[in-house]
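Remarks on the overall topology
Chain residues, written in single-letter form:
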Amino acid sequence: MVKRILLFIVMLVLIAYLGIATTAFNRKPADQTCRDVELVIKDTAYAGFITKDELKGVLQNKGIYPIGKKLERISTKSLERELGKHPLIAEAECYKTPSGKVCVEVAQRIPILRIMSSNGENYYIDNKGTIMPREAKCVAHRAIVTGSVEKSFAMKDLYKFGVFLQNNKFWDAQIEQINVLSDRTVELVPRVGDHLVYLGKLDDFENKLSRLKIFYEKGLNQVGWNKYSRISLEFSNQIICTKQE
């Protein structure tokens, strides 16, 4: 009986200690100031648009750069809101740490296609289907789209094709250029082989490219990649090849 009472008392003391320790650890001095800012930029393997100095500059210009400010007066929502206004930032997340540091994590908009239209327009399409300015500098390979490219066609049909390329390592590496003709049919310039691929309309492009990949593996690997000047996939379940002259 005595042992049970002693055990009960020890447990009460331990619980009280843990409660006091937790409260003391989480208590922040009223005058605690931000001592450091950690800036993290995601997706740098695909996009190299934003630098840490630029992030710092955005916050400094708005007068909300955290270092030296009282932690209780720093609004992480205000930091996120101002960074989110930047045209090359998709999302910003900010939070404080018990040690007095403010962490800022930024996700960049990811370009999937570079548009260089015959009408002089020059821009990127990102992975959300929206337009990015041409001043953005892409550090990763992206297929270039040329020809008669209207923005409505780029943001809808070409965007879907760009997402497919982004998620397909083989075709993303193989297709170097996408040329849009005046009737909105498409021809592709591959990186390997001295030929053009006429895709026709972008309808059912996944099936067309699937057939082309089989033809590459079973056909061109046998006769050579430079035998044909043009490969047409316009018609369903049919591949028409034009030989080099």
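Computed from a predicted structure; not experimentally measured.

Calculation rules
Residues numbered from 1 in each chain as written. Predicted model: local features only at pLDDT ≥ 70, side-chain atom pairs only at ≥ 80, totals over all residues. Heavy atoms only, no water. Helix = DSSP H or I, 4+ residues; strand = E, 2+ residues; numbered from the N terminus. Buried < 20%, exposed > 50% of the residue type's maximum accessible area, 1.4 Å probe, protein only. Contact = heavy atoms within 4.5 Å. Areas by Shrake-Rupley, 256 points an atom, 1.4 Å probe, with all protein chains shown as cover. Pairing = 2+ DSSP bridges. Core = buried A, V, L, I, M, F, W, Y, C linked by side-chain atoms within 4.5 Å. Phe/Tyr/Trp six-rings, centres within 6.5 Å; stacked < 30°, edge-to-face > 60°. Lys NZ or Arg CZ within 6 Å of the ring centre and 35° of its normal. Axes fitted to C-alpha atoms, helices over the stretch in contact; angles between N-to-C directions. Salt bridge = Lys/Arg side-chain N within 4 Å of Asp/Glu carboxyl O.

1. Considerations on the overall build of the chain
When helices and strands are tallied, the chain shows six helices and twelve strands. Across the 245 residues that make up the chain, the buried fraction comes to 38%. For the chain, the share of sequence-separated contacts (at least 6 apart) that also reach a separation of at least 24 residues comes to 55%. Accessible surface for the chain amounts to roughly 14600 Å². Of this, 53% is attributable to carbon and sulfur atoms.

2. Points about helix H2 (residues 52-61)
What sets the pattern is the α-helix's 3.6 residues per turn: residues three or four places apart point alike. Among all positions of H2, only Leu55, Gly57 and Leu59 are buried. Looking at the buried positions of H2, the neighbouring elements they touch are strand E1 (36-42), helix H3 (76-84), strand E2 (89-96) and strand E3 (101-108). Of the residues trailing H2, Gly63 is marked for its positive phi of about 70 degrees.

3. A word on the pairing of E2
The sheet contact formed by E2 and E3 spans seven bridges and is antiparallel. Residue Ala92 lies in a different strand from E3, and its bridge partner there is Val106. Joining the antiparallel neighbours E2 and E3 is a turn of four residues, in which Gly100 adopts a positive phi near 95 degrees.

4. Let's talk about the nonpolar core
Formed by 32 residues in total, the largest nonpolar core has its most connected members in Leu113, Leu158, Phe161 and Ile178. At the level of secondary structure, the elements contributing two or more residues to this core comprise strand E4 (111-117), strand E5 (122-126), helix H4 (151-167), strand E8 (175-180), strand E9 (186-190), strand E10 (196-200), helix H6 (205-223) and strand E11 (228-232). Membership of the second largest hydrophobic core comes to 22 residues, among which are Val37, Leu88, Ile89 and Val106.

5. Focus on the packing of aromatic side chains
A complete count under the given rule lists six aromatic pairs for this structure. With centroids separated by 5.3 Å and ring planes inclined at 70 degrees, the aromatic side chains of Phe164 and Phe205 adopt a geometry described as edge-to-face. Of this pair, Phe164 sits in helix H4 while Phe205 sits in helix H6, placing them 41 residues apart in sequence. Considering the side-chain rings of Trp171 and Tyr216, the 6.0 Å spacing of their centres and the 40 degrees angle between planes classify their relative orientation as tilted. With Trp171 in helix H5 (residues 169-174) and Tyr216 in helix H6, this pair connects stretches of sequence that are 45 residues apart. Here Trp171 falls in the buried class, since its relative accessible area comes to 4%. Three or more aromatic residues joined by ring pairs make a cluster, and in this case those are Phe161, Phe164 and Phe205. Lying over the aromatic face of Tyr124, Arg114 brings its terminal NZ or CZ to 4.9 Å of the ring centre. The ring of Phe170 has Lys213 sitting right over it, with the charged end atom 4.8 Å from the ring centre.

6. What to know about the sheet that holds E1
An order of E1-E3-E2 is seen for the three strands of this open sheet, with the pairing classed as mixed. A strand with exactly one partner marks an edge of an open sheet, and here the two such strands are E1 and E2. On average, adjacent strands in this sheet sit at an angle of 15 degrees to one another, irrespective of strand direction. The pairing of E1 with E3 spans seven bridges and is parallel. Looking at the pairing, Asp36 lines up with Lys101 of E3. Sitting on the sheet, H2 touches E1, E2 and E3, and the angle it makes with E1 is about 125 degrees. Its contacts with the sheet place H3 against E2 and E3, and it is angled at close to 165 degrees to E2.

7. Description of the pattern of salt bridges
Scanning all chains against the criterion turns up seven salt bridges. Among the salt bridges present, the one from Lys101 reaches Glu38, with a minimum N-O distance of 3.3 Å. A residue pair is termed long-range when its members are at least 10 positions apart, and Lys101 in strand E3 and Glu38 in strand E1 qualify at 63 residues. Here Lys42 makes a salt bridge to Glu105, at a shortest N to O gap of 3.6 Å. Note that Lys42 is positioned in strand E1 and Glu105 in strand E3, a separation of 63 residues in sequence.

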